[in-house]
Amino acid sequence: MALNDDEEPPPAKPGMARSMHQVLLTKYHNRKAPLAANDQKVVLELKGVSSASSRAPLDLVAVIDISGSMEYGGKLDNAKKALHFIIRKLSSHDRLSIVQFDHEATRLCPLRCATEATKAELEALVGSLKARGATNIQAGLETGLDVIKERKFTSGRAANIMLMSDGGQNEGDARKVEPGTVPVHTFGFSSGHDTTLMDAIAKKSLGGVYNFVDDDSNKPSTNLSETFSQILAGLVTIIALDLELTVTPLLDEATIKKVDAGSYPLDTATDGSSSVTVRFGTLYCTEARKVIVELALGDHTAFRSSYNADVAYVQYRFSFEGQQVSSSPERITIHRSRRAPVSAVAPPQVRSEVARREHADSIKAAMEKADGDKLEEARKILGEALKALERIVDPMVDMLRKELLKLLELFKTKDIYEKQGRPSAMSSVAGHDRQRFTARGDAEEIRIFATRRMDTYLKQAKQPDDKPIPSADDDVQEEPHDLPAAATSMERRTLSVALRVVTTVLSLLAFSIMAGARTSAWDSGRYETYRYAIGLNVVVCFYSIVQACAKIRRLFWPSSMPQSISSYCYSLFLDQVLAYLLISASSAAASRNHLWASTYGRDQFNSKVNIAVWFSFLGFLALSANALISMANLFSRI
């Protein structure tokens, strides 16, 4: 059957962001390194920083298991409740298709726009689901992928599959299915599902994650809805598609020893550049992707004493609204000198990310021991990982510690491990490998990688059934439309650069005009006020040039010049002092000029001074605005 009957979506919403600043790149690494050969670890972070109101429309295929086992314990009813939540949360720009499977798969509807009229029809389809037959996950997954692959309308749309099953396959083999670049998010419902299979399906897709939904807890009726809601919260805030990050070493300076991107695929260039590209797929609003790059720096002790070495270039690409966006290549610069320590301590951001990767590796190692009936050795590994976290100071550490404490409880006996320990550990590893939220039995307890919209949807999914679910439009209206802190900081930097340049130009004009109007009696006491104004404008001009150059460098190379709280205090202090002195000098010059004109009459000198005073006053306004930005920067760091 042809599946290319997807409904035509409405035109894109006006005013959606098309700026490359939807994604922000930050580099963390040592600023200094010795001239002798040494290794350096660099953490590259891509973060979604645009508002979730500007997001890609969603094409979602829900693939639901309706095999006979779904009838027991109200599993199918719980799945229906979760699907109702999804339907209510889609906007008219999103499309939904529902596929059911037992021993065979059936597409209940093509991709349909989630208008209010269509939502009622979709909910009726969900209500008609009945449990029967065997479990052929392969058939369900293949049908869902066919719905995605045969779409007529694809431009700028984010295609995703949500696959839910409560058991193991007894017909077909879903491991044979190749999802390609379509993210498949799997949900293993109950302790009887095939955890290895559901995890393998998600891993083969690009960006998909495995979620464990525990029905043995005291709230099985809400666990599935809470888990579905949070994965959906990410899907309706996608702000970048086909996201890629490329690292290119400068071969005369460095070579790439290793790139650690979790379970995301790596492509090594064959053109001799030795560049490595990481393919991430989609990125949610406020979500982050971190890559650890280990560089081997060459031995330059025989050539130089010290210099700034550009060791690699970094560039990212993504698509949005059908348009390709590429960043400018950014340098990774390290100052190399004979005085630099051989074994310098890495920045805290690098240490914490390395610790998180080691934490995930510990969970994998513990699983291997537990699968070999060595639970005591597995618990010992988890205990050692827990002790290792004591050395790390990072906001995420508390959640990592909570994750390990939970796993220690679930690794106590073989029965508990089989039912809850293994699926919880698998979903934990899946979350760390993808750097994406996953449910580890309970969607509420462990919040690693959760976004702001996920927190909102979790609260809504926990509400009583008689309370109406807010619509997607309601969510957009309720959610703050200000950009996240990273984007706000970038906007402040851009505005600050503009104001510094304006201040430079205005102060330059002020002292140039006033100095050009000087007379033969300029050195007499009558001109002291004017000379004071000229001198202060020279100081403000020089100060603004220095600040503008520093701001421009931080704008294009954020990690090359990290700012401490003391530097923010310094900028705020000088901005306020110079602004006060500038307005006092301008006022004094204006008063003196008015007195001169009223006593001796106006001439060309008075007119030029008057123009210069106005430029000086405008410079005061620009400098005062910069003082406000400096204050905002300081308060955001305190």
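Not measured: the values here are computed from a predicted model.

Asks: Could you give an account of the packing of aromatic side chains, naming the residues involved and the relevant values?
Replies: Per the counting criterion, the structure on display carries 7 aromatic pairs. Each ring, one from Phe411 and one from Tyr417, has its centre 4.9 Å from the other, and the planes form 65 degrees; the classification is edge-to-face. Residue classification places Tyr417 among the buried positions, given a relative accessible area of 1%. Cluster of aromatic residues (ring-pair linked, three or more members): Trp614, Phe617 and Phe620. Cation over ring: Arg434 sits above Tyr264, and NZ or CZ is 5.4 Å from the ring centre. Its end group placed over the ring of Tyr284, Arg436 keeps NZ or CZ at 4.0 Å from the ring centre.

Asks: Outline a nonpolar patch on the surface, supporting the account with residue identities and numerical values.
Replies: Side chains of Trp614, Phe617, Leu618 and Leu621 sit close together on the surface and give an oily, nonpolar patch of about 390 Å² of accessible area. Mapping Trp614 onto the fold places it in helix H15 (residues 604-637).

Asks: Hey, could you go over the packing of helix H6 (residues 348-371) against helix H8 (residues 397-410) for me, with residue numbers and the actual values?
Replies: Remark: H6 packs on H8, axes separated minimally by 12 Å, with the N-to-C direction vectors making an angle of 10 degrees. As far as their axial angle goes, H8 and H6 are roughly parallel. Contacts from Arg356, His359 and Ile363 of H6 reach H8 at Leu400, Glu403, Leu404 and Leu407. In terms of residue class, the contact of H6 with H8 is built from 4 nonpolar, 1 polar and 2 charged.

Asks: Go over the sheet that holds strand E3 (residues 38-48) with me, naming the residues and quoting the values.
Replies: Read from one edge of the open sheet, 4 strands run E1-E3-E15-E12, paired in antiparallel fashion. Every other strand in the sheet has two partners, leaving strand E1 (23-28) and strand E12 (254-260) as the edge strands with one partner each. Shown here is a sheet whose adjacent strand axes are inclined to one another by a mean of 25 degrees, direction ignored. In the packing of H6 onto the sheet, the strands contacted are E1, E3, E12 and strand E15 (288-297), and the crossing angle to E15 comes to about 105 degrees.

Asks: For the UniProt feature "transmembrane region" (unreviewed entry) in the chain, give the residues involved together with the corresponding values.
Replies: According to UniProt, the positions carrying the feature "transmembrane region" (unreviewed entry) are residues 497-517, 529-546, 567-591 and 611-635. Split by type, residues 497-517 is 95% helix and 0% strand. Its first and last C-alpha atoms lie 31 Å apart. Along residues 567-591 one finds 100% helix and 0% strand; the C-alpha atoms at either end are 36 Å apart.

Asks: Describe the layout of surface pockets, and please don't skip the residues or the numbers.
Replies: What the second largest pocket holds in volume is close to 370 Å³. For the second largest pocket, the lining is made up of 22 residues, of which Arg157, Ala159, Thr181, Leu241 and Asp242 are closest to its centre. Of the residues forming the lining of the second largest pocket, the biggest block, 4 residues, is contributed by strand E11 (residues 238-249). Of the residues belonging to the lining of the second largest pocket, the class tally is 8 nonpolar, 9 polar and 5 charged.

Asks: Tell me what's going on with the pairing of strand E4 (residues 58-65), and back it up with residues and numbers.
Replies: Buried residues dominate E4, accounting for 8 of its 8 residues. In E4, alternate side chains face the same way, and those of Leu58, Leu60, Ala62 and Ile64 on one face and Asp59, Val61, Val63 and Asp65 on the other are all buried. Here E4 pairs with strand E8 (residues 158-165) via 7 bridges, running parallel. Residue pairing across strands places Val61 opposite Ile161, the latter belonging to E8. Bridge count between E4 and strand E5 (residues 95-101): 7 bridges; the pairing is parallel. Within the sheet, the bridge partner assigned to Val61 lies in E5 and is Ser97. Each parallel crossover has a hand, and the one from E4 via helix H1 (residues 75-89) to E5 is right-handed.

Asks: Please give an account of the environment of Asn38 that cites residues and values.
Replies: Structurally, Asn38 is set in strand E3. Overall, the relative accessible area of 8% leaves Asn38 in the buried class. When the C-alpha positions of Asn38 and Gly298 are compared, they lie 7.1 Å apart, and in sequence the two are 260 residues distant. Here Asn38 is in contact with Ala33, Leu295, Ala296, Leu297 and Arg336, once residues within four sequence places are set aside. A distance of 2.7 Å separates a polar side-chain atom of Asn38 from the backbone oxygen of Ala36.

Asks: Pulling in residues and values, what's your account of the packing of H6 against helix H9 (residues 414-434)?
Replies: Contact geometry of H6 with H9 gives a least axis separation of 10 Å together with a crossing angle of 150 degrees. In this view, H6 runs roughly antiparallel relative to H9, as classed from their interaxial angle. As for the relative orientation of H6 and H9, their crossing is left-handed in sense. Residues Arg356, His359, Ala360, Ile363, Lys364, Met367, Ala370 and Asp371 of H6 form the contact with H9, whose own contacting residues are Tyr417, Arg422, Ala425, Met426, Ser428, Val429, His432 and Asp433. Grouping the constituent residues of the contact of H6 with H9 by class yields 8 nonpolar, 3 polar and 5 charged.

Definitions and cut-offs
Residues numbered from 1 in each chain as written. Predicted model: local features only at pLDDT ≥ 70, side-chain atom pairs only at ≥ 80, totals over all residues. Heavy atoms only, no water. Phe/Tyr/Trp six-rings, centres within 6.5 Å; stacked < 30°, edge-to-face > 60°. Buried < 20%, exposed > 50% of the residue type's maximum accessible area, 1.4 Å probe, protein only. Lys NZ or Arg CZ within 6 Å of the ring centre and 35° of its normal. Patch = residues over 30% accessible without salt bridge, like charges linked within 9 Å, V, L, I, M, F, W, Y side chains within 5 Å. Areas by Shrake-Rupley, 256 points an atom, 1.4 Å probe, with all protein chains shown as cover. Salt bridge = Lys/Arg side-chain N within 4 Å of Asp/Glu carboxyl O. Helix = DSSP H or I, 4+ residues; strand = E, 2+ residues; numbered from the N terminus. Axes fitted to C-alpha atoms, helices over the stretch in contact; angles between N-to-C directions. Parallel < 35°, antiparallel > 145°, perpendicular 65-115°, else oblique. Contact = heavy atoms within 4.5 Å. Nonpolar A, V, L, I, M, F, W, Y, C, P; charged D, E, K, R; others polar. Pairing = 2+ DSSP bridges. UniProt positions renumbered as here; feature names shortened; annotations may be inferred. 1 Å grid on protein atoms, 1.4 Å probe; cavity = no way out; pocket = protein on both sides within 12 Å on 5 of 7 lines; lining within 4 Å. Points joined across faces, edges and corners; volume = space filled by probe spheres on them. Right-handed = clockwise from strand over helix to strand, strands pointing away. Polar contact = N/O pair within 3.5 Å; in protein donor to acceptor, adjacent residues only side chain to side chain. Left-handed = near helix turned anticlockwise from the far one by under 90°.

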